[in-house]
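# Residue-level structure breakdown
The primary structure of each chain is shown beneath.
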Amino acid sequence: MTTKFSLVEFSIGRPKVIIAATVVLTLAFLTQFPRIKTDTNPKHMLPETSDVRVWNNEVDKVFALYEDTIVVGVENDAGVLNRETLGRMFRITGEILKLEGVASRDVNSFSTITNVTAEAGTLKVGPLMPGAPQSQAEVEALRRALFGNPLFVNRIVSPDGKTTAIYVPLEKGDNGAEIAEKIRAVLARESGPERYYIAGDPVARDTFGAEMFKLMGIFSPIAGMIMFAAIQFMFRNLALSLAMMAVAMAAIIWSMGLLIGAGFPVHIMSSMAPVFLMAIATDSIHIFNEFYFRYREKRDKLVAIRETMQAVSGPVRYTALATAAGFAVLLFMNIIPVKVFGGLIAFGTVVLRLFSFSLIPAILTFVKEAKVAKAVETESMELDRTARLLRRIGEVGATRPLATTLVGLAFLLVAIAGTSKIHVNNNLVAWFKPSSEIRVADTAMNQALGGTSLGYLVVLASEPEFMKRPEAVRWLEGLQRHLEQLPVVGKTFSVADYVKRINQVLHDDDKKYDAVPDTKEAIGQYLFLFSMSAKPSDLDNVVDSTFQKANLWVQLKTWDAEAMRQVTHAAETYQRAHPLRVAVKPAGIAYFNLVWNDEVLGDMVRGFAIALAVVFIILVFAFRSAKWALIGCMPLLSTILLIYGVVGFAGKDFDMPLSVLSTLSLGMAVDFSIHFISRFRQRLVDAVGDVQEALLWTAARPGKGIVRNAVLFAAAFSVMLFAPLTPYMAVGAFIVAMMMLSALLTILYLPALIMLGRKWLLDEPMPAADTAPARTKGG
């Protein structure tokens, strides 16, 4: 008769082969690490073929716009309009123009921005400040030019004259953080009372990428050390502690090696993968936990290994399936880094479970029995304080099931009210701490000037030359005034501003001519004269060559996605109130952030629904019962609702990492239910139908493995609480809370629910997998 292959038996019989094969494969994956690259560009969150990316690229091309712009702020409490400050600004701008990667032809500051004036009835276009002022009279002339031109106020100078900005566009593909460092070096060479700020999307994005890469290299080892210390404290056996860490590190190297070798860059989500995998590896704690109990009972290492794997193989297999499925659901999302992260962790989870049935049994064969015998002396439910405490917690639910359940329902009702307050928002600048240089700079610039976040409203007409018509230009001007009523809008700018400015200066700077001319011919002539003298980009940025499309710039005082939504709604309201034969389409980085934000929300809802369905189906297969599957879902759903309720009441925004965790939490938190219910049903047969005794045994013995698992999982993520980036802190807090709360609710509420529904749950025969010991299989 042919003997069925068992991976566990093979690993116990040939442990050196298993370990050697693992080492060779790990080294092979490790060779891919030198090819690692990072990517934190928000635009890459969505596919290149997505509507918003295609449209934004088209707008950039039509209006000669730059993808990235750094904003350099200069602030002087005594005012920036003095000879010393202006001299420093002139020198700083000159040095910035020389930097590689800077689109020097389109840098805007006092010394480079286009100023429209007239002399003897002739239009004059040139730099606002061709040289540093040498006298107070020149300073006053500059002051009059600045505050006499609405184009400049709130754009390059604050209304109080204390702050100015230098707008530094970057050539395509250049690194914002690196150029920002070069600008800081320029600023450091100047001394004076001024304060300097460097802000803008490319600075935040590329700085975040550098910090992300650094944290990945720092936090993974620290998390590993914390886990190692916790495991050593729990089991007091160096070999077992090293085994757990070896399993985790091998899975991390395999997974990250595959990611890098496949050519994928590391994004914000995949940068967290090592800590996730290290935490998921803690599910193996159930093997070690049961091994200690079995060895204490049998005093034979190989027998203990075989019985351990026989007892926990089913729960370990299904928890791996649930976790992998929860992450694999992310492959169906729209956000690219989320899809990559989901596939990465799903692969790592499968690797970890493969190790559970191969590498771990192999390593256990090398553990010296004398050391195990000494360590397991207190590993009994009677002697172990943790086991006794867990038994008492389980006893609360088992002996007072109705009261326990009602108290839980009360908390859940409050939590549901909190979830209604959750707000999904992705703000890259807010991913830094309030005290960080980037947040401080962004806040200062937004308070003083028009804003560092930029969106566009593209006005599309059905015929060429339409944007030269007076009614079209006046309509644009009206839309600007309407948008400027929004608190989030700091400044707007369009071709209408140029037309009005030219009209005024050609009429001896008479304020009554600060208006749109009455004829199409006059507007066309003004713009033609302007285009002959100004920088090409001045006009190209606001109108296309056929005058069929106009681009309205909107500076926003926040990077919140909701700000651009307010702008688009305001534009729709204005268009309904003032109908014109044009279409208005939003564009720019602020609009991309809005679309990305909505995709995150859609993915969160869709992913949660799919993950919930998948996890339920897995539980049905695991328990061979829809009833038990329903009961198994209760602790994890309660955990998620309670945490979401707290987040809602606390007013914390749900960003992309937290939104992804809403899906992942289903796959991770259900593990405890699988272990608890599977082991309870096994024990129920040994307890000859004594439900309460079986529940208390499960709470004390497998429950200790659940708590150990939760503590280790939480310990791995606790290191993120000390990160300088808020998404890492939020993920750390979320996971720590989820694991500890889920473990508590599993041990407290599952006994209560099972006791309340015992007639309903136990009126069907136990599946064979639960009632009879199965032969140990290899995963």
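The rules behind the values
Residues numbered from 1 in each chain as written. Predicted model: local features only at pLDDT ≥ 70, side-chain atom pairs only at ≥ 80, totals over all residues. Heavy atoms only, no water. Domains from an automatic or database assignment. Contact = heavy atoms within 4.5 Å. Buried area = accessible area lost by both parts, 1.4 Å probe. Salt bridge = Lys/Arg side-chain N within 4 Å of Asp/Glu carboxyl O. Polar contact = N/O pair within 3.5 Å; in protein donor to acceptor, adjacent residues only side chain to side chain. Helix = DSSP H or I, 4+ residues; strand = E, 2+ residues; numbered from the N terminus. Pairing = 2+ DSSP bridges. Axes fitted to C-alpha atoms, helices over the stretch in contact; angles between N-to-C directions. Phe/Tyr/Trp six-rings, centres within 6.5 Å; stacked < 30°, edge-to-face > 60°. Buried < 20%, exposed > 50% of the residue type's maximum accessible area, 1.4 Å probe, protein only. Parallel < 35°, antiparallel > 145°, perpendicular 65-115°, else oblique. Left-handed = near helix turned anticlockwise from the far one by under 90°. Nonpolar A, V, L, I, M, F, W, Y, C, P; charged D, E, K, R; others polar. Patch = residues over 30% accessible without salt bridge, like charges linked within 9 Å, V, L, I, M, F, W, Y side chains within 5 Å. Areas by Shrake-Rupley, 256 points an atom, 1.4 Å probe, with all protein chains shown as cover. Expected span 1.5 Å × (residues − 1).

### Side note on the domain arrangement of the protein chain
Domain boundaries assigned for the protein chain yield domain 1 (51-205) and domain 2 (440-594). If you look at the interface, domain 1 gives 47 residues, while domain 2 gives 47 residues. Summing the contributions of domain 1 and of domain 2, the shared interface buries around 3,600 Å²; its carbon and sulfur component is 66%. On the domain 1 side of the contact with domain 2, W55, F63 and L123 bury the most area, a combined 19% of that side's loss. Linking domain 1 with domain 2 are 1 salt bridge. Of the charged contacts, one joins K549 and E58 as a salt bridge, the two residues approaching to 4.0 Å between their closest N and O atoms. In this structure, the connection of domain 1 to domain 2 is made through 14 residue pairs in polar contact (both at pLDDT 80 or more). Counting only elements with at least two residues in the side of domain 1 that touches domain 2, the list comes to helix 3 (51-62), strand 1 (69-75), strand 2 (114-119), strand 3 (122-127), strand 4 (163-169) and strand 5 (195-199).

### Considerations on the side chain of S358
Within the element layout of this structure, S358 appears in the loop between helix 12 (336-356) and helix 13 (359-364). In contact with S358, other than residues within four places in its own chain, are L7, S11 and I18.

### What to know about the sheet that holds strand 8 (residues 489-493)
Taken together, 4 strands build an open sheet; the order of strands is 8-9-7-10 and the sheet is antiparallel. A single partner strand is all that each edge strand has here, and the edge strands are strand 8 and strand 10 (582-587). Each strand axis lies, on average, 20° off the axis of its neighbour in the sheet, ignoring direction. Two strands pair when backbone bridges link them, and strand 7 (residues 453-461) and strand 10 are joined in this way by 6 bridges, in the antiparallel orientation. Following the sheet pairing, A461 is matched in strand 10 by V582. Helix-sheet contacts for helix 3 involve strand 7, strand 9 (549-556) and strand 10, and the interaxial angle to strand 10 is about 105°.

### Some remarks on unusual backbone geometry
Even without glycine at this site, D509 takes up a positive phi of about 60°. Residue placement: D509 occurs in the loop between helix 19 (495-505) and helix 20 (520-533). Despite not being glycine, R624 shows a phi value in the positive range, around 55°. By the element assignment, R624 lies in the loop between helix 23 (589-623) and helix 24 (626-650).

### Details of the packing of aromatic side chains
Scanning the entire structure with this criterion turns up 15 aromatic pairs. Ring centres of W431 and W596 lie 6.2 Å apart, and the angle between their planes is 80°; on these two criteria the pair is classed as edge-to-face. Here W596 lies in helix 23 and W431 lies in the loop between strand 6 (423-424) and helix 17 (437-448), a separation of 165 residues in the sequence. Judged by centre distance (5.7 Å) and plane angle (10°), the ring pair of F713 and F717 falls under stacked. Of this pair, F713 and F717 both sit in helix 27 (residues 702-718), 4 residues apart, which is roughly one turn of the helix. Among the residues examined, F717 registers a relative accessible area of 0% and is labelled buried. Here the aromatic residues F276, F327, F341, F713 and F717 are joined through ring pairs into a cluster of three or more.

### Some words on the packing of helix 10 (residues 285-298) against helix 27
Close contact between helix 10 and helix 27 brings their axes to 9 Å; oriented N to C, the two are set at 140°. In terms of orientation, helix 10 and helix 27 fall into the oblique class. Here the hand of the crossing between helix 10 and helix 27 comes out right-handed. Across from I285, H286 and N289 in helix 10, the residues of helix 27 making contact are K704, G705, I706, R708, N709 and L712. In terms of residue class, the contact of helix 10 with helix 27 is made up of 3 nonpolar, 4 polar and 2 charged.

### A look at the pairing of strand 1
Judged by how many residues are buried, strand 1 sits mostly within the fold: 6 of 7 residues are covered. Strand direction decides the pairing type here: strand 1 and strand 4, joined by 7 bridges, are antiparallel. Across the sheet, I70 pairs through a bridge with V168, a residue of strand 4. Where strand 1 and strand 5 come together, 5 bridges link them in antiparallel fashion. Residue pairing in the sheet places V71 in a bridge with A199 of strand 5.

### Quick look at the pattern of salt bridges
In this structure the tally under the stated criterion is 29 salt bridges. Two residues, R143 and E140, come together in a salt bridge whose shortest N-O distance is 3.4 Å. In this pair, R143 and E140 are both assigned in helix 5 (residues 136-147), 3 residues apart and thus about one turn of the helix distant. Judged by relative accessible area, E140 falls into the partly exposed class, the value being 29%. Where salt bridges share partners, they join E290, R294, E307, R679 and R701 into one cluster.

### Topic: a nonpolar patch on the surface
Taken together, the side chains of L402, L406, L409 and L756 define a hydrophobic patch exposed on the protein surface, amounting to about 380 Å² of accessible area. Ranked by residues supplied to the nonpolar patch, first place goes to helix 16 (residues 401-419) with 3 residues. Note that L402 resides in helix 16. Given a relative accessible area of 52%, L402 falls into the exposed group.

### Focus on helix 10
Side chains that are three or four residues apart share a direction in an α-helix, a result of its 3.6 residues per turn. Relative to the 20 Å expected for 14 residues at 1.5 Å per residue, helix 10 spans 20 Å between its end C-alpha atoms, a close match to the ideal helical length. Here helix 10 lies mainly inside the structure; 11 of its 14 residues are buried. Where helix 10 is concerned, the buried positions are I285, H286, I287, F288, N289, E290, F291, Y292, F293, R294 and Y295.

### Observations concerning the side chain of T163
By the secondary structure assignment, T163 is in strand 4. You can call T163 buried: its relative accessible area is 3%. Discounting residues that sit within four places of it in the chain, T163 has contacts with V74, E75, V80, I156, V157, S158, A448 and L449.

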